[in-house]
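# Geometric and topological summary
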Amino acid sequence: QVQLVESGGGLVQAGGSLKLPCAASGNIFSINTMSWYRQAPGKQRELVADITSGDSTNYADSVKGRFTISRDNAKNTVYLQMNSLKPDETAVYYCNANLKLVARGYNYSYWGQGTQVTVSE
């Protein structure tokens, strides 16, 4: 069974920083792309950033220059460093991983339970 567990959320003032880790555990053969999404109240879930197994990164335009995604493959962990946070970035942040359970198996998509980030004025 595979689990993704996010942590690091909390309350921060506008302009502040947070770093969110997400650790994948279980019977995993390999992890391909790992991603961070967020969902604000009343809004659709949106992609914040993703990183491939080769460390290629992609960011939403709204976070470019402020957020950094990285991964530690030895720990099956992806990080999201968030700087200069804004109140409208208050949301639940979710981790996603596309991974294989066996060498020649399909890719499966797994989600974490989410971690709340609240940015105050």
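To keep things clear, this report deals only with the structure shown in the data block.

Conventions we followed
- Residues numbered from 1 in each chain as written.
- Predicted model: local features only at pLDDT ≥ 70, side-chain atom pairs only at ≥ 80, totals over all residues.
- Heavy atoms only, no water.
- Helix = DSSP H or I, 4+ residues; strand = E, 2+ residues; numbered from the N terminus.
- Core = buried A, V, L, I, M, F, W, Y, C linked by side-chain atoms within 4.5 Å.
- Buried < 20%, exposed > 50% of the residue type's maximum accessible area, 1.4 Å probe, protein only.
- Contact = heavy atoms within 4.5 Å.
- Pairing = 2+ DSSP bridges.

### Re the environment of Arg-104
Within the element layout of this structure, Arg-104 appears in the loop between β9 (91-100) and β10 (107-111). Linking Arg-104 and Thr-118, residues 14 residues apart in sequence, is a C-alpha distance of 41 Å.

### A short note on the nonpolar core
With 31 residues, the main nonpolar core has Trp-36, Val-48, Ile-69, Val-78, Leu-80, Met-82 and Tyr-93 as its most contacted residues. Elements with a contribution of two residues or more to this core: β3 (18-25), β4 (30-39), β5 (46-51), β7 (67-72), β8 (77-82), β9 and β11 (115-120). The leading source of residues in this core is β9, at 5 residues. In this structure, Val-78 is in contact with Leu-20, Pro-21, Cys-22, Met-34, Trp-36, Ile-51, Ile-69, Ser-70, Arg-71 and Cys-95, ignoring residues within four places of it in sequence.

### Quick look at the pairing of β7
The two faces of β7 differ: Phe-67, Ile-69 and Arg-71 on one face are buried, but Thr-68, Ser-70 and Asp-72 on the other face are not. With 6 bridges joining them, β7 and β8 adopt antiparallel strand pairing. Residue pairing across strands places Thr-68 opposite Gln-81, the latter belonging to β8. Connecting the antiparallel pair β7 and β8 is a turn made up of 4 residues, with Asn-76 showing a positive phi of about 50°.

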